[in-house]
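If you want the building blocks of each chain, they are given just below.
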Amino acid sequence: MSLDQRSWPTRPLGEVAETALGKMLDRGRTREGALEVPYLRNVNVQWDAVDTSDLLKMELMPDELERFAVRPGDLLVCEGGEVGRGAIWQGGSDYIAYQKAIHRIRSRGELDLKFLRYVLEHYRDAGELDAFTTGSTIQHLPQQQLRSIPIPVPPLEEQRRIVAILDDHLSRIDAAAAALSSARRRARTLLASWETRALLGAAETVPITDLVEIQGGLQKQPKRRPVENRHPFLRVANVTADGLDLTEVHEIELFEGELDRYALREGDLLVVEGNGSASQIGRAATWDGSIADCVHQNHLIRIRPSAYLDPDYLALVWNSPRNRALLTEVASSSSGLYTLSVRKLSQVTIPVRPLEEQIAMSRAHRDLQSDLDRSGALVSNSRRRGTALRRSLLEAAFSGRLTSGRAVSSSATRDLTTPTPTTEDASHD
């Protein structure tokens, strides 16, 4: 391994720890005298945490209980998938076993298992584990290969000192990430609350057909293969939950008079007609006019606001929780597919305000959404910095720099907790 541990000895893992794979499941078999016990799967073992919220049960014979038991202090490491992901089992009041997709590691006395967990995480980050894995699509770490991994073995006192320093630094990074995520969730909740309050204050609710024109789209057929009168053609794939995605726009052949009828205008709302998920019914995006003479597929419904309806206000209303519930109600379900149609959309009602109030509300919403987007970018950037800092700390730990006074200072985590702009001050309507 390409590590510089100063004078630390390096030993194969199998020499300093006991390793064992868990129980292979016996699908469909029931053995007389077997006991049903909860067990841990690969998915339960996360980085430095064991999630027991979704446990399954397996059958074990009484003489197998000790062999496949997980004890407090055992290090559990994933054999497949995200190889090397591991956590120490802290224990519980009841017996628990583990599946063959997990390595159980117990120290022989020379190795602190928390130190080993950090070593394996560092090897994973540095790409060092790849030399010990098998499989081209899904990686696996066979037990013999695990046992052959060279592990630095400084004195136990040094290992525990390194673990204590890492725990201190990394807990600060984890706390910063949790605080940022919490702030982001609060911002989303506040924005949703603002939307609900604003829309509930509307003067009246009217049928949507009083204020818009609803139009279906063009069906893609062999005769419409783009040849002489080709035009850009939006599909369902171009309308995402996050807005328009125009990275790949197809073309279609139009015939006489069709462009006048089907051409999109800036401000048109494009609504997805059907989806297998009720939560995605009627997802929509506002056309930005960025492509001239563009038409749309028959699985998209065009809603064109009149002069009395602000397009941004229409989009705000359309994506509100109230309208989402209404769309789910009017959509039919056939073989698990929820569908909308021009006729069904005529049953939808929307809250309206005077046009100047619609415009003011749309502007306020854009400002709040911009704040939320900026906070999201800051959260993402902070997470990237936190990941990089974590890797730097691990690299320092296993090159001997962490305990030599030349490691990353704890102050390096301070900027991760810099307050993130949110919509908490956006209670104005």
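Residues numbered from 1 in each chain as written. Predicted model: local features only at pLDDT ≥ 70, side-chain atom pairs only at ≥ 80, totals over all residues. Heavy atoms only, no water.

Visitor: Which residues make up the sheet that holds strand S17 (residues 250–253), and what values do they have?
Guide: Strand order in the open sheet formed by three strands is S17-S14-S21, and the pairing between neighbours is mixed. Each of the sheet's edge strands pairs with one partner strand only, and the pair in question is S17 and strand S21 (295–296). As paired elements, strand S14 (residues 230–234) and S17 share four bridges and run antiparallel to each other. Looking at S17, one finds that Arg230 is bridged to Glu253. (Pairing = 2+ DSSP bridges. Helix = DSSP H or I, 4+ residues; strand = E, 2+ residues; numbered from the N terminus.)

Visitor: Quick rundown of the layout of surface pockets? Include the residues and the values.
Guide: Its boundaries defined by the atoms lining it, the largest pocket holds a volume of some 1200 Å³. Surrounding the largest pocket, 29 residues form its lining, Glu195, Ala241, Asn319, His365 and Gln369 being those nearest its centre. Those elements that place two or more of their residues in the lining of the largest pocket are helix H4 (156–200), strand S20 (284–286), helix H6 (311–318), helix H7 (321–330) and helix H9 (355–397). By residue number, the principal contributor to the lining of the largest pocket is H9, which donates seven residues. A per-class count over the lining of the largest pocket returns nine nonpolar, 11 polar and nine charged. (1 Å grid on protein atoms, 1.4 Å probe; cavity = no way out; pocket = protein on both sides within 12 Å on 5 of 7 lines; lining within 4 Å. Points joined across faces, edges and corners; volume = space filled by probe spheres on them. Nonpolar A, V, L, I, M, F, W, Y, C, P; charged D, E, K, R; others polar.)

Visitor: Describe the pattern of salt bridges, and please don't skip the residues or the numbers.
Guide: As a working rule, side chains carrying opposite charge can pair if their charged atoms are close by. Under the definition given, this model contains 25 salt bridges. For the salt bridge of Asp54 with Arg41, the shortest nitrogen-to-oxygen distance reads 3.2 Å. Of the two residues, Asp54 is situated in the loop between strand S5 (49–50) and strand S6 (56–60) and Arg41 in the loop between strand S3 (35–40) and strand S4 (45–46); the sequence distance between them amounts to 13 residues. Residue Asp54 is classed as partly exposed on the basis of its relative accessible area of 44%. Using a relative accessible area of 17% as the deciding quantity, one classes Arg41 as buried. With a shortest N-O distance of 2.9 Å, Asp74 and Arg106 are connected by a salt bridge. (Salt bridge = Lys/Arg side-chain N within 4 Å of Asp/Glu carboxyl O. Buried < 20%, exposed > 50% of the residue type's maximum accessible area, 1.4 Å probe, protein only.)

Visitor: So what about the pairing of strand S7 (residues 75–78)? Which residues, and what values?
Guide: Judged by which residues are buried, S7 turns out to be covered on both faces: Leu75 and Val77 on one side and Leu76 and Cys78 on the other are all buried. As paired strands, S7 and strand S8 (residues 86–88) are joined by three bridges and run antiparallel to one another. Across the sheet, Leu76 pairs through a bridge with Ala87, a residue of S8. Taken together, the four bridges between S7 and strand S10 (residues 102–107) define a ladder with antiparallel strand orientation.

Visitor: Before we move on, could you go through the environment of Glu15 and cite the residues and values that matter?
Guide: Relative to the elements of secondary structure, Glu15 occurs in helix H1 (residues 13–16). A polar contact is formed between the side chain of Glu15 and the side chain of Arg11, at a distance of 3.1 Å. (Polar contact = N/O pair within 3.5 Å; in protein donor to acceptor, adjacent residues only side chain to side chain.)

Visitor: Explain the packing of H6 against H9 to me, using residue names and the numbers behind them.
Guide: At a minimum axis distance of 8 Å, the contact between H6 and H9 shows a crossing angle of 65 degrees. Classified by the angle between their axes, H6 and H9 sit roughly perpendicular to one another. The handedness of the crossing between H6 and H9 comes out as left-handed. Packed against H6, whose contacting residues are Asp312, Tyr313 and Leu316, the element H9 presents Gln358, Met361, Ser362, His365 and Arg366 at the interface. (Axes fitted to C-alpha atoms, helices over the stretch in contact; angles between N-to-C directions. Parallel < 35°, antiparallel > 145°, perpendicular 65-115°, else oblique. Left-handed = near helix turned anticlockwise from the far one by under 90°. Contact = heavy atoms within 4.5 Å.)

Visitor: Which residues make up the environment of Met61, and what are the values?
Guide: Inspection of the secondary structure puts Met61 in the loop between S6 and S7. Once the C-alpha coordinates of Met61 and Gly33 are considered, the two residues, 28 residues apart in sequence, prove to be 6.5 Å apart. Contact partners of Met61, with chain neighbours within four places excluded, come to Arg31, Glu32, Gly33 and Ala34.

Visitor: Explain the packing of aromatic side chains residue by residue, including any values.
Guide: Throughout the structure, instances matching the rule amount to one aromatic pair. Ring centres of Phe115 and Phe398 lie 5.4 Å apart, and the angle between their planes is 75 degrees; this geometry places the pair in the edge-to-face category. Taken together, the residues span a long stretch of sequence, with Phe115 in helix H2 (residues 113–126) and Phe398 in the segment after H9 at a distance of 283 residues. The buried category is assigned to Phe398, whose relative accessible area is 1%. (Phe/Tyr/Trp six-rings, centres within 6.5 Å; stacked < 30°, edge-to-face > 60°.)

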